[in-house]
Every structure is written in C-alpha cells, then in structure tokens.
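# Descriptive structure summary
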Amino acid sequence: GAMTQAMTQKKNQPEIVRNLINGKWLPADGGKTFPSYNPATGEVVGHAAYATVKDVDKAVEAAHAAFPAWRLTPAPKRGEILFKAAEILLRRKEELARLLTQEMGKVLPEARGDIQEAIDMAYYMAGEGRRSFGHTVPSELPNKAMMTVRSPLGVVACVTPWNFPVAIPSWKVFPALVMGNTVVLKPASDTPVVAAKFVEILVEAGVPAGVLNFITGSGAALGKALCTHPKVSLVSFTGSTEVGKGINAMCAPSLKRISMEMGGKNAILVMADADLDLAVDGIVWSAFGTSGQR
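Computed from a prediction, not measured in an experiment: that's the story for all the values here.

Here we take up the overall build of the protein chain. Looking only at helices and strands, one finds 10 helices and 12 strands in the protein chain. On C-alpha atoms alone, the protein chain measures out to a radius of gyration of 21 Å, which is about the 19 Å that the 2.2 N^0.38 rule sets for 294 residues. For the protein chain, the spread of C-alpha atoms along the three principal axes comes to 70 × 60 × 40 Å. Of all 294 residues assigned to the protein chain, the portion counted as buried reaches 43%. Relative to all contacts within the protein chain whose residues are 6 or more apart in sequence, the contacts with residues 24 or more apart total 72%. By element, 59% of the accessible surface of the protein chain is carried by carbon and sulfur atoms, the whole surface being about 15,400 Å². Averaging the positions of the 31 positive and the 26 negative side-chain charges in the protein chain gives two centres separated by 8 Å.

Relative to the 20 Å expected for 14 residues at 1.5 Å per residue, helix α7 (residues 192-205) spans 20 Å between its end C-alpha atoms, a close match to the ideal helical length. Taken across its 14 residues, α7 has 11 buried, putting it largely inside the fold. Every buried residue of α7 is accounted for by Pro192, Val193, Val194, Ala195, Ala196, Lys197, Phe198, Val199, Ile201, Leu202 and Ala205. Positive backbone phi, approximately 115°, marks Gly206, located one or two places after α7.

With that settled, the discussion passes to the packing of aromatic side chains. For the coordinates displayed, the defined rule picks out four aromatic pairs. For the ring pair Phe34 and Tyr50, a centre distance of 6.0 Å and an interplane angle of 80° mean the geometry is edge-to-face. Of the two residues, Phe34 is situated in strand β4 (residues 33-37) and Tyr50 in the loop between β5 (44-49) and α2 (53-71); the sequence distance between them amounts to 16 residues. Residue classification places Phe34 among the buried residues on the basis of a relative accessible area of 12%. Classification of Tyr50 by relative accessible area gives partly exposed; the value is 35%. Between Phe83 and Tyr123, the ring centres sit 5.3 Å apart and the planes meet at 65°, which makes this aromatic pair edge-to-face. Taken together, the positions of Phe83 in helix α3 (residues 75-91) and Tyr123 in helix α5 (residues 108-128) put the pair 40 residues apart, joining distant regions of the chain. Given a relative accessible area of 39%, Phe83 falls into the partly exposed group. On the basis of relative accessible area, Tyr123 is assigned to the partly exposed category, the value being 31%. If you follow Lys106 out to its NZ or CZ, it ends over the ring of Phe164, 3.7 Å from the centre.

Next up on the list: the pairing of strand β12 (residues 257-262). As judged from the six bridges shared by strand β11 (residues 232-239) and β12, these two strands associate in the parallel manner. Its bridge partner being in β12, Phe237 is matched across the sheet by Met260. With helix α9 (residues 241-251) bridging β11 and its parallel neighbour β12, the resulting β-α-β unit is right-handed.

Moving on: the environment of His47. Its location among the elements puts His47 in strand β5. For His47 and Tyr37, which are 10 residues apart along the polypeptide, the C-alpha to C-alpha distance reads 9.1 Å. Not counting residues up to four positions away in its chain, the partners in contact with His47 are Pro14, Glu15, Ile16, Val17, Thr33, Phe34 and Pro35.

Another aspect to go through is the packing of α3 against helix α6 (residues 167-178). Where α3 meets α6, the closest approach of the two axes is 9 Å, and the angle between their N-to-C directions is 150°. Between α3 and α6, the crossing angle belongs to the class labelled roughly antiparallel. When α3 is examined against α6, the residues Ala75, Arg78, Gly79, Leu82 and Leu89 are found in contact with a partner set consisting of Phe174, Leu177 and Val178. Classifying every residue of the contact of α3 with α6 gives six nonpolar, one polar and one charged.

Moving on, we get to the packing of α2 against helix α8 (residues 219-228). Packing of α2 against α8 leaves a shortest axis separation of 9 Å and a crossing angle of 40°. Relative to α8, α2 is oriented oblique. As for the relative orientation of α2 and α8, their crossing is right-handed in sense. On α8, the residues that touch Val53, Val56 and Val60 of α2 are Ala221, Leu222, Ala225 and Leu226. For the contact of α2 with α8, the class distribution of residues is seven nonpolar, no polar and no charged.

Attention now moves to the sheet that holds strand β1 (residues 15-17). The sheet built from three strands is open, its strands ordered β1-β5-β4 with mixed pairing. Each end of this open sheet is capped by a strand with a single partner; those strands are β1 and β4. Within the sheet, the average angular offset between the axes of one strand and its neighbour, ignoring direction, is 25°. Two strands pair when backbone bridges link them, and β4 and β5 are joined in this way by five bridges, in the antiparallel orientation. Across the sheet, the residue bridging to Tyr37 is Val44, located in β5. On top of the sheet, α7 reaches β1, β4 and β5; it is set at about 70° to β1, its chief contact.

Rules and cut-offs
- Residues numbered from 1 in each chain as written.
- Predicted model: local features only at pLDDT ≥ 70, side-chain atom pairs only at ≥ 80, totals over all residues.
- Heavy atoms only, no water.
- Helix = DSSP H or I, 4+ residues; strand = E, 2+ residues; numbered from the N terminus.
- Rg over C-alpha atoms; globule rule 2.2 N^0.38 Å.
- Buried < 20%, exposed > 50% of the residue type's maximum accessible area, 1.4 Å probe, protein only.
- Contact = heavy atoms within 4.5 Å.
- Areas by Shrake-Rupley, 256 points an atom, 1.4 Å probe, with all protein chains shown as cover.
- Lys, Arg positive; Asp, Glu negative; His and termini not counted.
- Charge placed at Lys NZ, Arg CZ, Asp CG, Glu CD.
- Expected span 1.5 Å × (residues − 1).
- Phe/Tyr/Trp six-rings, centres within 6.5 Å; stacked < 30°, edge-to-face > 60°.
- Lys NZ or Arg CZ within 6 Å of the ring centre and 35° of its normal.
- Pairing = 2+ DSSP bridges.
- Right-handed = clockwise from strand over helix to strand, strands pointing away.
- Axes fitted to C-alpha atoms, helices over the stretch in contact; angles between N-to-C directions.
- Parallel < 35°, antiparallel > 145°, perpendicular 65-115°, else oblique.
- Nonpolar A, V, L, I, M, F, W, Y, C, P; charged D, E, K, R; others polar.
- Left-handed = near helix turned anticlockwise from the far one by under 90°.

Structure follows, in structure tokens:
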C-alpha cells in the first residue's frame, strides 16, 4: 500500500538524529555527527549528533529545571501521558519494528516483540499513575498520625544498550516519568535512530519540555559525565559487567542510587522429572535467540 511505498522511498534517505534538550532538537555542541549502519547491508540508517560533555550538562540542567513543575503534576495526569504514548506506539508498531530490524538486525517477529514490550510497559506504568500508594502507620505516641508518601528522586540518567533498543528504554523511562522524575536518556550508539523515534512519540504524547532529554554519542564520555554530575540522582544502566563496575565506582562518591542490569551466562538446572524435549527447546531459545544477545 501507500505506507510501504512511502517507507521504501524514505529508506534511501538516512535519518538525521539530533539531541533533545529542553524540548528542542539541537545539533551537538561542535556540530559533529556519527553514522548508524544497517548491520546486514552496511547502508547508513541515519546520522546522529555526537554529543559532548557540554551537551550532557545542558541536558541535566534542563531536566533539573523541569523537575519542580513535573513532580507537582498530579501522578494520574503523568500516567495519562504514558497512556497516550502506548496508543501511539501501538499505531506505529509495524513501522517502528521495521526500522528496528534495519538498524540493529534482529528478525522482524522479534522486533515486533521489542515494540510490544514498550506498549505493555506504557500501559502498565500509566496505571501506576493512579497506584503510587504510601502507607499509614500506627504511632507509639498519643495524638500523632504517621504516614509515608512516595517522592521522586530528581534527575534520572538512563543508559541503554543496542539489543532491545525500544523495550529497555521503556523499562527505565516510563517508571521514572510516572513517579515524577525527569530523565536524560543516552541510547547505544548502534541504535540512535529508533531511540529518537521512541523519544519523539513521548513528546507527541505530551511529555513537557525538559522532562525527557535525549543525547547520543560516546558511551564512555557521556556516561562518565552523567555519573559524576552533581544534579543526577540515579543512574539506570543496562550493558556489560565491565562498564557497570565502572559506573558503580563513579556513582559511589556522590552516593547516587544505581540500577544495573549487566552481562552474565546463566546456569540452567534440568531436574530429573523434567520434560526433556520442552527443556531443550527452552534452553536453545534462551541461549541462542536474538543471536544470544538476551
């Protein structure tokens, strides 16, 4: 149909990906870019801004400035924005899945699953907007009422890998946003184009300027700047154990909270009473699905 035709025409023109800072799509400080390639064909999928430490600073400052108003936005309202994002993701699922396959190489049914995870996470976290309960606690003192409320932390830095380039940002960004935090997202340099589309969808859904910021470029340089920035409260990272250890060490001096999902080779125990054929199917898929990148 017309959609496929439009996509075929567009396919030959590489996307231009800029940084999103305080609601504006901007080139990197210094104007440098880097290419993102289709791993199957070597074709350039897009050119992305090669952000610098100055860009990190601007993004964190924007997130920090947007935090007071966002935390005071009622949680159900924050949830409604994520609900809108779910509906846009659902509408654009096939288009996003095709782009995801072109940029990072997993087969189309798996790419569709990647987008579906983001759709599911958006609906799930939209619901959390009406469920961020605290507790009331009995007091040992007379005439005292005690209660706990949930408070956002502040600026959350999300550093994500290439293997699930929409699902993993969704796991990190949606919970952070619905609880009233502001975000700086730094995706893998192998998948900036599909990550930018994910961010565009959140902007379209109504995430205010500065609440979600997006920077692309060197993981080492930008990661270090985020981990050592005094206005970043939490760093959420998915990637290698080696890099994770470094992030842990960089975040420790300022007592930043960290959330880390790192590499591993998981042991599998098959019990004597197991259905062997079923176990083998499960093990082969879990070890070699997505070329073992899961």
